[in-house]
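Each chain is listed here by its residues.
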Amino acid sequence: MKRILKSLIIAAATLIISSTAFAKDFDWSECWCNYGAGLKEGDIILNIGTSISYTHFESGFSSNSWNLPIVDFSVETPVKIGPCPFTFGGGFSWNNNGTKSGYDWGTIKTTNNVFDTYGVVKYHFMFPPKQLDLYAGTKLGVSFSGTRIVKSPKEGSNESSLKFGANFYINEFTGATWYFNKSFGVNAEVGFPILTRIGVTFKF
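Residues numbered from 1 in each chain as written. Predicted model: local features only at pLDDT ≥ 70, side-chain atom pairs only at ≥ 80, totals over all residues. Heavy atoms only, no water.

**Focus: the packing of aromatic side chains**
Link 1 in the chain: A full pass over the atoms with the stated rule returns nine aromatic pairs.
Link 2 in the chain: Here F86 and Y123 contribute two aromatic rings whose centre-to-centre distance is 5.1 Å and whose plane-to-plane angle is 90°, an arrangement assigned as edge-to-face. Placement of the pair is F86 in strand 4 (residues 84-102) and Y123 in strand 5 (residues 106-125), with a sequence separation of 37 residues.
Link 3 in the chain: Y123 gets classed as buried once you look at its relative accessible area, which sits at 17%.
Link 4 in the chain: Pairing Y135 with F173 gives two aromatic rings, centres 6.2 Å apart and planes at 80°, and the pair type is edge-to-face. On the criterion of sequence distance, the pair formed by Y135 in strand 6 (residues 132-153) and F173 in strand 7 (residues 159-179) is long-range, its members being 38 residues apart.
Link 5 in the chain: Overall, the relative accessible area of 3% leaves Y135 in the buried class.
Link 6 in the chain: The buried category is assigned to F173, whose relative accessible area is 5%.
Link 7 in the chain: A cation sits over an aromatic face here: K139 above F173, 5.7 Å from the ring centre. (Phe/Tyr/Trp six-rings, centres within 6.5 Å; stacked < 30°, edge-to-face > 60°. Helix = DSSP H or I, 4+ residues; strand = E, 2+ residues; numbered from the N terminus. Buried < 20%, exposed > 50% of the residue type's maximum accessible area, 1.4 Å probe, protein only. Lys NZ or Arg CZ within 6 Å of the ring centre and 35° of its normal.)

So this is what it looks like as structure tokens:
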């Protein structure tokens, strides 16, 4: 995790420093109070992406377990509070994971379906080049999980049980979107507990 953060910080610093050659007239004193990439109040931003969290590493990668990448959708809109360029929105995500363990008497298979719904707020920064939008944000959400446990003895019928749960979480992150034109871009984020996220962005 530390190596990933270090690499991203170096990459971001390199991008900003190298871009100064193309921004001789850029007013650096205004970078904290303007949206990047031409975002403006009234825009609608749709994000579609996939991500991995620390649980992907906790669960491990083996032949008797799986943990699919998280798929998420979110919508947000820019709203300035005084001079401060925020975006506000919300979204939802889905993840499937589980394990299958074998014993002398049979097997146990556990399958988890996790649905998240959340609100998100981002603070944006304007840096050159013009296609780049940098931001830092926080997600506040609730995670709903359904866990099915199936016991399959070598002799006899299967036994199945279903459990439900819910918990609140906060996800802090930094990210960047590169817009290829006025309405389409690619996006990347790093944070915790969602470690990394990549996706596409549509602006309307």
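**What to know about the pattern of salt bridges**
It is possible for side chains bearing opposite charge to pair when their charged atoms get close.
Link 1 in the chain: Applying the stated criterion across every chain, the model contains four salt bridges.
Link 2 in the chain: Among the salt bridges present, the one from D43 reaches K40, with a minimum N-O distance of 3.3 Å.
Link 3 in the chain: With a shortest N-O distance of 2.9 Å, E76 and K122 are connected by a salt bridge. With E76 in strand 3 (residues 70-81) and K122 in strand 5, this residue pair connects regions lying 46 residues apart in the sequence.
Link 4 in the chain: Taking the relative accessible area as the measure of exposure, E76 reaches 4% and is therefore buried.
Link 5 in the chain: A single network of salt bridges, built from pairs that share partners, joins E76, K122 and E189. (Salt bridge = Lys/Arg side-chain N within 4 Å of Asp/Glu carboxyl O.)

Honestly, that's just the spatial picture; any functional story needs more than this.
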